[in-house]
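Analysis of the macromolecular model
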Amino acid sequence: MGSPKTAKSAMKQGIWRRRIGAPFAAVLLAALLAVVLFSGQFAKGPNASSQFAPVQVDNTLRPARDEPLSTDQDLETTSSSEPEGEDTEGKNENGQSPNKEAAIEEQKPSQAAAIDQDGNTLNPELKQASGDERSAGGSDSSGKESPPQSKEGEGGTAESGAALYTKCTAPSHAKICDLSSPRFDICELCGDARTIGQSSTVVYVPQNRASNGEEWSIRAQSRKHLPWIKKVTIKSVNSTEPEPRCTSKHHIPAIVFALGGLTANVWHDFSDVLVPLFLTARQFDGDVQLIITNNQPWFIKKYSAIFSRLTRHDIIDFDADDQVRCYPHVIVGLRSHRDLGIDPSSSPQNYTMVDFRLFVREAYGLPAAEVDIPYKADKDDPDKKPRIMLIDRGKTRRFINMAHVVQGLDWFGFEVVKADPKIDSNLDEFVRLVDSCDAIMGVHGAGLTNMVFLRSGGVVVHIVPYGIEFMADGFYGAPARDMGLRHVQYSISPEESTLLDKYGWNHTVINDPETIRKGGWEKVAEFYMSKQDIVLNMTRFGPSLLNAIEFIM
């Protein structure tokens, strides 16, 4: 605090500074005012005013935050080849993880796909904002900032007063579109890019118009081979082609991407869209506009907390947009490294799955990274038990002896929290329920994606059905470890599978799973994913539970 004498001396010095500084500040303010008034006299020529007037924007979407959502949606989907994504399972099973968040699983069927839906499918209406709710540079009725916009004037130039966007410069040797990845295609347009929603086209107007025009057509999601995703055309115009006239001009970058695909299964929601969108959009720190084709209103509402962290601006429904929007930087497509995963060496920003998990936790207002798992945080309580969330699946890969499993978990000292896929829940509430647990346990499937809402150091207890051991770690084990979680894997024996009663020991399904696997993904899905339930042997399973307890303690 200091002595009274010191404090008194400091007070005197402050008084003298104000006495001397006040006249000086007044003189400086008067000088600045004179400069402004003087310079204003020279800005009143006929060409001095902006050529752009505010234009109203319709077809914009804003995430809603209070929609009721299912805690479990599994959709079983098979395709002609083994999918890049997870489990051929059901709808949505909501949840979250520790060190750096992520989440995942699958949805919509192709023509040859077999579908099995568990739980409830949510498809709330997407809220559309009327044109009079937004104007250039203003905010919408929800208080959300609208992107700077201006109407195209004569000559096609803009003088809106907004700062020029300088974060994107196109190297002369670079190709606009990169189609080399087996997972995704992506196009990046630096400079003059114009989106035309009515024709699903993005036009690039290069500075050097002498080059030949080029054209690409890509599916703007992380699964480029799904035939039902609508394509977006990217066209580079040459000197002989007229560029489309801008009806609104923006001074922020934009990302054009697709929903649909295999979404409506929480594993695929995260693996195919949310993690790739984080990789592509997070670098802009919210100052980016999202333009969505194959729009699914329920998706934006369900994950509104995440969308609100990725963008401060209105979301555009590309397929319904009647504007020609001009941007200084447009990315078409979503970057993706692997299933429910991020490769830091492939990310210019060195993002990791821990970064993603922590980003998700921040979006939902969950405790910070340094907060311990609940059991350790309250370890002084002698009656405290570690909490484990038990995922109760819907139609396939269920625990036949669920009551016995719950009894066994209780015997081992756990407080069991059951997640019922048939009960709808507000997602914000559900993620807090997951956050209150030390571990999550379930049979291989979409519900385990909820590990993204666990705290750092939380445990994922992964029950692997018979015949699918080959893919278990890639879908859940590696993502869990990448997110800073502990992973305990337990592979059941044939005696714990209902397949044994159905087919017997002499059937190929039991005695030669490798042969079934060689028959393709559809065969694996038919037998091991869709026709199998679990009778968990708690005695055999016991050592795995002890491993989980050691991690928690």
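About the criteria used
- Residues numbered from 1 in each chain as written.
- Predicted model: local features only at pLDDT ≥ 70, side-chain atom pairs only at ≥ 80, totals over all residues.
- Heavy atoms only, no water.
- Helix = DSSP H or I, 4+ residues; strand = E, 2+ residues; numbered from the N terminus.
- Buried < 20%, exposed > 50% of the residue type's maximum accessible area, 1.4 Å probe, protein only.
- Contact = heavy atoms within 4.5 Å.
- Areas by Shrake-Rupley, 256 points an atom, 1.4 Å probe, with all protein chains shown as cover.
- Bend = angle between axes of the 7 residues up to and from the residue.
- Disulfide = S-S within 2.5 Å.
- Core = buried A, V, L, I, M, F, W, Y, C linked by side-chain atoms within 4.5 Å.
- Domains from an automatic or database assignment.
- Salt bridge = Lys/Arg side-chain N within 4 Å of Asp/Glu carboxyl O.
- Pairing = 2+ DSSP bridges.
- Axes fitted to C-alpha atoms, helices over the stretch in contact; angles between N-to-C directions.
- Polar contact = N/O pair within 3.5 Å; in protein donor to acceptor, adjacent residues only side chain to side chain.
- Parallel < 35°, antiparallel > 145°, perpendicular 65-115°, else oblique.
- Nonpolar A, V, L, I, M, F, W, Y, C, P; charged D, E, K, R; others polar.
- Phe/Tyr/Trp six-rings, centres within 6.5 Å; stacked < 30°, edge-to-face > 60°.
- pLDDT = per-residue confidence, 0-100.

Here we come to the overall build of the protein chain. Scanning the protein chain for helices and strands turns up 14 helices and 21 strands. Among the 553 residues that make up the protein chain, the fraction classed as buried is 54%. The contacts in the protein chain between residues at least 6 apart in sequence include a share of 81% that link residues at least 24 apart. Split by element, the accessible area of the protein chain, about 23900 Å² in all, is 52% carbon and sulfur.

On to helix H2 (residues 266-281). Remark: the principal bend of H2, roughly 30°, maps to Leu274, with a proline, Pro276, within the next four residues. Counting buried positions over the 16 residues of H2 gives 16, a clear majority of the element.

Moving on: the state of the cysteines. Applying the stated criterion across every chain, the model contains two disulfides. One disulfide bridge connects Cys177 with Cys187, the sulfur atoms lying 2.0 Å from each other. Its S-S torsion of approximately 110° makes the covalent link between Cys177 and Cys187 right-handed. One end of the pair, Cys177, is in strand E6 (residues 177-178); the other, Cys187, is in strand E7 (residues 186-196), and ten residues separate them in sequence. On the accessibility criterion, Cys177 (7% relative accessible area) is buried. The side chain of Cys246 participates in a disulfide bridge whose partner is Cys326; the two sulfur atoms lie 1.7 Å from each other. Looking down the S-S bond of the Cys246 and Cys326 bridge, the torsion is -95°, so its handedness is left-handed. Here Cys246 is found in the loop between strand E10 (231-236) and strand E11 (248-249), whereas its partner Cys326 is found in strand E15 (residues 324-332), with 80 residues between them in sequence. Taking relative accessible area as the criterion, Cys326 reaches 1% and is therefore assigned buried.

Take the nonpolar core next. In this structure, Tyr364 and Met441 are the most contacted members of the largest nonpolar core, which totals 105 residues. It is H2 that contributes the most residues to this core, ten residues altogether. Counting contributing residues, this core receives three or more from each of domain 1 (177-364) and domain 2 (387-552). Those residues in contact with Met441 that sit more than four places away from it in its chain are Ile388, Met389, Leu390, Ile391, Phe399, Val405, Leu409, Leu448, Val461, Ile463, Leu536 and Phe541. Counting residues in hydrophobic clusters, the runner-up holds 20 residues, among them Cys177, Ala254, Ile291 and Val332.

Another aspect to go through is the pattern of salt bridges. Applying the stated criterion to the full structure yields 25 salt bridges. Here Asp392 and Lys418 are joined by a salt bridge, their closest N and O atoms 4.0 Å apart. Of the two residues, Asp392 sits in the loop between strand E16 (387-391) and helix H7 (402-411) while Lys418 sits in strand E17 (residues 415-419), which places them 26 residues apart along the sequence. Given a relative accessible area of 45%, Lys418 falls into the partly exposed group. Each of Arg183, Arg223, Asp272 and Asp339 takes part in one network of salt bridges that share partners.

With that out of the way, let us pick up the sheet that holds strand E20 (residues 459-464). Strand pairing in a sheet is mediated by backbone hydrogen bonds. Such pairs are either parallel or antiparallel. Judged by pairing direction, the sheet is parallel, and its five strands sit side by side in the order E17-E16-E19-E20-E21 without closing on themselves. Of all the strands in the sheet, just E17 and strand E21 (486-491) have a single pairing partner and so form its edges. Taken pair by pair, the neighbouring strands of this sheet meet at an average axis angle of 20°, ignoring direction. Pairing between E16 and strand E19 (residues 439-443): three bridges, direction parallel. Paired with Met389 across the bridge in E19 is Ile440.

Right, let's talk about the side chain of Thr449 for a bit. The residue Thr449 is located in the loop between E19 and E20 in this model. Within the local environment of Thr449, its side chain forms a polar contact with the backbone oxygen of Ala446, the two atoms lying 2.8 Å apart.

With that settled, consider the packing of H2 against helix H5 (residues 353-363). At a minimum axis distance of 11 Å, the contact between H2 and H5 shows a crossing angle of 90°. The pairing of H2 with H5 is recorded here as roughly perpendicular in orientation. Counting all contacts with H2, which are made through Phe270, Leu274, Val275 and Phe278, the residues of H5 involved are Met353, Asp355, Phe356 and Phe359. Along the lines of polarity and charge, the residues of the contact of H2 with H5 split into seven nonpolar, no polar and one charged.

Glancing now at the packing of aromatic side chains. Summed over the entire model, instances satisfying the criterion amount to 15 aromatic pairs. Centroid distance Phe270 to Phe453: 6.4 Å. Interplanar angle 80°. Geometry classified as edge-to-face. Here the residue Phe270 occupies a position in helix H2, and Phe453 occupies one in the loop between E19 and E20, the gap between them amounting to 183 residues. For the pair Phe270 and Phe453, one class covers both residues: buried. Note on Trp298 and Phe299: the rings are 5.5 Å apart at their centroids and 65° apart in plane angle, and the pair reads as edge-to-face. In this structure Phe299 comes out as buried when scored by relative accessible area, which is 0%. Pairwise contacts between aromatic rings join Phe270, Phe278, Trp298, Phe299, Tyr303, Phe307, Tyr351, Phe356, Phe359, Tyr364 and Phe453 into one cluster.

Another aspect to go through is the pairing of E19. Judged by how many residues are buried, E19 sits mostly within the fold: five of five residues are covered. Where E19 meets E20, five bridges bridge the pair, whose relative direction is parallel. What sits directly across from Ala439, in E20, is Val459.

Attention now goes to unusual backbone geometry. One non-glycine residue, Asn350, lies in positive phi territory at about 60°. Along the chain, the position of Asn350 falls in the loop between E15 and H5. In the Ramachandran plot, Arg397 falls in the positive-phi region, its phi being about 55° despite a non-glycine side chain. Looking at the element boundaries, Arg397 is found in the loop between E16 and H7.

The next thing to look at is the confidence of the model for the protein chain. Per-residue confidence for the protein chain gives a mean pLDDT of 78, with 67% of residues at or over 70. Contacts from residues 1-20, a stretch scored under 50 in pLDDT, to residues over four places away or in other chains number zero contacts. A low-confidence stretch, residues 84-161 stays under pLDDT 50, and its non-local contacts, those more than four residues away or across chains, total 407 contacts.

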